[in-house]
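Understanding the architecture of this molecule
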Amino acid sequence: ERGMTDRRSAFHAPTLATLGLDGRPRARTVVLRGTERADRTLRFHCDARSDKFAELDAEPRVALHAYDVDGKFQVRAEGVATLHRADTVADRAWNASRPASRVGYGTEPAPGSVIERGDAYALPADDEAVAAGRANFAAVVVKVRTFEYLHLAFAGHRRARFQFEGERVEASWLAP
C-alpha cells in the first residue's frame, strides 16, 4: 500500500512479468497506482496500443516482483489481470491521474513503434490532445492468487507462500 503513494518505496515500481505474443517471457517495470487489500488486487496503468496490453489481453496470468534492498526482502505476487478501458474503473483511474501522467497516452506514434531517431515522436500539443489520449488509457487490475515473501538474513532466510482460493487462504513455509 505504501508503494502506491511513496515514490521512494521499493514497491512503487515493481517488475511485471508477462508472456509475449511470441511465447517468450517479457518483464518490465510498472508503477503501482492502486491496491485493495480486501480484494487482494493491485492496479497499474498501460497504453492500450502497447505490447503489454496485447500480451495481457491474450494471456492474463501475470507475476509482479519487488525487492527492498534496505529491508532485505522480496515479494512476488502471481495473479490474473483484468483490462479496463471504457468503464468506471478506467474512468476513476484516469481522473485520479496527474496531468503529467496523462501525456504519455497521447504520444504518437504508439509505444513500441520503430522510429528513425530517439526523439522522433510527438507529445500531445495541448490539453485537448492530452484529453484525447484517454482513448488509449487502460487500467490493469491484478487479482492476486499467490503471494510469496522472502526475507534474507545472515542468521537464516525465511520464505513463505500464501495461496488464495476465494475466501480460503493456504499458508506455507518454504525452504529459502
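Everything that follows concerns the structure shown earlier in this document.
All values derive from a computational prediction rather than experimental measurement. (Residues numbered from 1 in each chain as written. Predicted model: local features only at pLDDT ≥ 70, side-chain atom pairs only at ≥ 80, totals over all residues. Heavy atoms only, no water.)

Focus: the overall build of the chain
Threshold: Helix and strand definitions follow DSSP, with helices as H or I runs of at least four residues and strands as E runs of at least two, each counted in order from the N terminus. Think of it in three bands: residues with accessible area under 20% of the maximum for their type are buried, residues over 50% are exposed, and the middle band is partly exposed, with areas taken using a 1.4 Å probe on protein chains only.
The secondary structure content of the chain amounts to 5 helices and 9 strands. Order of helices (α) and strands (β) in the chain, N terminus to C terminus: α-β-β-β-β-α-β-β-α-α-α-β-β-β. Principal-axis analysis of the C-alpha atoms gives the chain an extent of 55 × 35 × 35 Å. Sorting the 176 residues of the chain into buried and exposed places 35% on the buried side.

With respect to the pattern of salt bridges
What counts, and what does not: Each reported salt bridge corresponds to a side-chain nitrogen of Lys or Arg within 4 Å of a carboxyl oxygen of Asp or Glu.
Under the counting rule described, the total for this entry stands at 15 salt bridges. One salt bridge in this structure joins Glu-148 and Arg-76, with 3.0 Å as the shortest N-O distance. You can see Glu-148 sitting in strand 7 (residues 137–151) and its partner Arg-76 sitting in strand 6 (residues 73–84), a full 72 residues away along the chain. Relative accessible area serves as the criterion here: at 9%, Glu-148 is assigned to the buried category. Salt-bridge contacts for Arg-161 lead to Glu-148; the nearest nitrogen and oxygen are separated by 3.2 Å. Taken as a pair, Arg-161 in strand 8 (residues 158–165) and Glu-148 in strand 7 lie far apart in primary sequence, 13 residues in all. Taken together, the salt bridges that share partners define one network made up of Arg-26, Arg-28, Asp-51 and Glu-55.

A short note on the pairing of strand 6
Going by this rule: Criterion used throughout: strands pair if DSSP finds at least two bridges between them.
Relative to strand 6, strand 5 (residues 61–68) is paired through 8 bridges, and the arrangement is antiparallel. Among the inter-strand pairings, Arg-61 is bridged to a residue of strand 6, identified as Val-80. Here strand 5 folds back onto strand 6 in antiparallel fashion, the turn holding 4 residues, of which Lys-72 has a positive phi close to 55°.

Digging into helix 3 (residues 88–96)
Inclusion rule: Read the arc as the range of directions from the helix axis to the C-beta atoms. For this analysis, residues touch if any pair of their heavy atoms sits within 4.5 Å.
Along helix 3, the residues classified as buried are Ala-90, Ala-93 and Trp-94. In a view along the axis of helix 3, the buried residues occupy a sector of 100°, so they form one face of it. More than 90 degrees from the buried face of helix 3, the exposed residues found are Arg-92, Asn-95 and Ala-96. Check the buried side of helix 3 and you find it contacts strand 4 (41–47), strand 6, helix 4 (99–102), helix 5 (127–132) and strand 7.

Points about helix 2 (residues 51–58)
Of all the positions in helix 2, only Lys-52, Phe-53, Glu-55 and Leu-56 are classed as buried. Within helix 2, the buried residues cover an arc of 165° as seen down the axis, which keeps them to one side. Across helix 2 from its buried face, at more than 90 degrees, point the exposed residues Asp-57 and Ala-58. For helix 2, the elements touching its buried residues are strand 1 (15–19), strand 2 (25–29), strand 4, strand 5, strand 6 and strand 7.

Notes on the layout of surface pockets
Basically, it comes down to this: Buried and open spaces are told apart on a 1 Å grid over the protein atoms alone, a cavity being a set of points where a 1.4 Å probe fits but cannot get out and a pocket being an open set with protein on both sides within 12 Å along at least five of seven lines. Residues with an atom within 4 Å of a point are the lining residues. Grid points are joined across faces, edges and corners, and a volume is the space filled by probe spheres set on the points.
In this structure, the largest pocket occupies an estimated 610 Å³ of space. What lines the largest pocket is a set of 23 residues, among which Glu-1, Leu-32, Thr-35, Leu-42 and Phe-147 lie closest to the centre. At the level of secondary structure, the elements contributing two or more residues to the lining of the largest pocket comprise helix 1 (2–5), strand 3 (34–36), strand 4, strand 5, strand 6 and strand 7. Sorting elements by how many residues they give to the lining of the largest pocket places strand 5 first, with 4 residues.

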